[in-house]
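# Examining the three-dimensional arrangement
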Amino acid sequence: MYKFLFFLFFTSLIAGQEVATLKYDGGGDWYSNPTAVKNLIAFSNANIKTTIIKTPKTVATNSNDIFNYPIVFMTGHGNVFFSEDDVESIRNYLMAGGFIHVSDNYGIDPYIRREMKKVFPELSFQEIPYSHPIYKQTYTFKELPKIHEHDGKPAQGFGIFYKGRLVCFYDYESDLSDGWEDEEAHNDPKEVREKALKMGANIIEYVFKN
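Residues numbered from 1 in each chain as written. Predicted model: local features only at pLDDT ≥ 70, side-chain atom pairs only at ≥ 80, totals over all residues. Heavy atoms only, no water.

### Brief notes about the pairing of strand 4 (residues 100–104)
Going by this rule: Relative accessibility decides the category of a residue: with a 1.4 Å probe and only protein chains considered, values under 20% of the type maximum give buried, values over 50% give exposed, and everything between is partly exposed. Secondary structure elements follow DSSP: runs of H or I no shorter than four residues count as helices, runs of E no shorter than two count as strands, and numbering proceeds from the N terminus. Strand pairing requires that DSSP identify at least two bridges connecting the strands.
The element strand 4 is extensively covered by neighbouring structure, given that 5 of its 5 residues are classed as buried. The alternating pattern of strand 4 places Ile100, Val102 and Asp104 on one face and His101 and Ser103 on the opposite face, and all of these are buried. Bridge count for strand 4 against strand 7 (residues 165–172) is 4 bridges, and the pairing is parallel. When the bridges of strand 7 are listed, histidine 101 appears paired with phenylalanine 169.

Here it is in structure tokens:
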């Protein structure tokens, strides 16, 4: 079964570049920031020469369709719950070469940490140093962009590493996906939104290279 899922993932990369938003259970608003990924795709295609299909898809946590996407984006403000089927699907996806970007939209932190521990009980989120390649793609970052202020905490980037490979990047107290939204969504300054988009493009570039 695992080899078959890896084959699905590998053939999806050959077929073309698509990305998706992850739909999860638990009552959290997985659908928040509806323009974010679309805008990030447009920015990446224009500035780092990707050729991603311009409209992102939506994929459920327990669907084999997740193997069609080299990266899936996840956000929300509240509860996240992964069933046993979800855990198996996500674990197989990440082990086969997939990648999840989680953007804390303020409130998801305790839930995503709890649920990802189900996926990889033996692993934990680690803070990613700024020497890591994800911060040194087309754009170089010495600190993670902070789009909105909540608790006076610094923006941090955390990751889960499986066999030495970064499989999940989690921006905490950063609100990257807010920064990708249409300007009128939050009225963020242009320079703030541009920093968020550049970091998002770095994430995509890193995933496509690794």
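### Here we look at the environment of arginine 165
What counts, and what does not: Whenever a nitrogen or oxygen atom comes within 3.5 Å of another N or O atom, the pair is scored as a polar contact, on the condition that within protein one atom can donate a hydrogen and the other can accept it, and that pairs from neighbouring residues in sequence are kept only if both atoms are in side chains.
Here arginine 165 lies in strand 7. Along the primary structure arginine 165 and asparagine 45 are separated by 120 residues, whereas in three dimensions their C-alpha atoms are 25 Å apart. Engagement of the side chain of arginine 165 in a polar contact is seen with the backbone oxygen of glycine 98, the distance being 3.4 Å.

### Observations concerning the side chain of asparagine 39
Mapped onto the elements of the fold, asparagine 39 is located in helix 2 (residues 36–47). A distance of 3.2 Å separates polar atoms of two side chains, one belonging to asparagine 39 and the other to lysine 38.

### Points about helix 7 (residues 190–209)
Filter applied, for reference: Given a helix with a known number of residues, its expected span is that number minus one, times 1.5 Å. What makes two residues a contact is simply this: any of their non-hydrogen atoms within 4.5 Å.
Across its 20 residues, helix 7 extends 28 Å between first and last C-alpha, which sits within 8% of the 28 Å expected from 1.5 Å per residue. Buried within helix 7 we find Arg193, Ala196, Leu197, Met199, Gly200, Ala201, Asn202, Ile203, Ile204, Glu205, Tyr206 and Val207. Considering only its buried residues, helix 7 is in contact with helix 2, strand 3 (72–76), strand 4, strand 7, helix 5 (176–180) and helix 6 (183–186).

### A few points about the pattern of salt bridges
It is possible for side chains bearing opposite charge to pair when their charged atoms get close. This is how the line gets drawn: Salt bridge, as used here: a side-chain nitrogen of Lys or Arg that lies within 4 Å of a carboxyl oxygen of Asp or Glu.
In the structure shown here, the tally under the stated rule is 8 salt bridges. For glutamate 173, the salt bridge is made with lysine 146, and the minimal N-O distance between the two is 3.6 Å. Highlighted residues: glutamate 173 in the loop between strand 7 and helix 5 and lysine 146 in the loop between strand 5 (126–127) and strand 6 (156–162), separated in sequence by 27 residues. Here glutamate 173 falls in the buried class, since its relative accessible area comes to 2%. Residues glutamate 194 and lysine 198 are paired through a salt bridge, measuring 3.7 Å at the closest nitrogen-oxygen approach. You can see glutamate 194 and its partner lysine 198 sitting in helix 7, 4 residues apart, about one turn around the helix. Residues participating in the shared-partner salt-bridge network are Arg114, Glu115 and Lys118.

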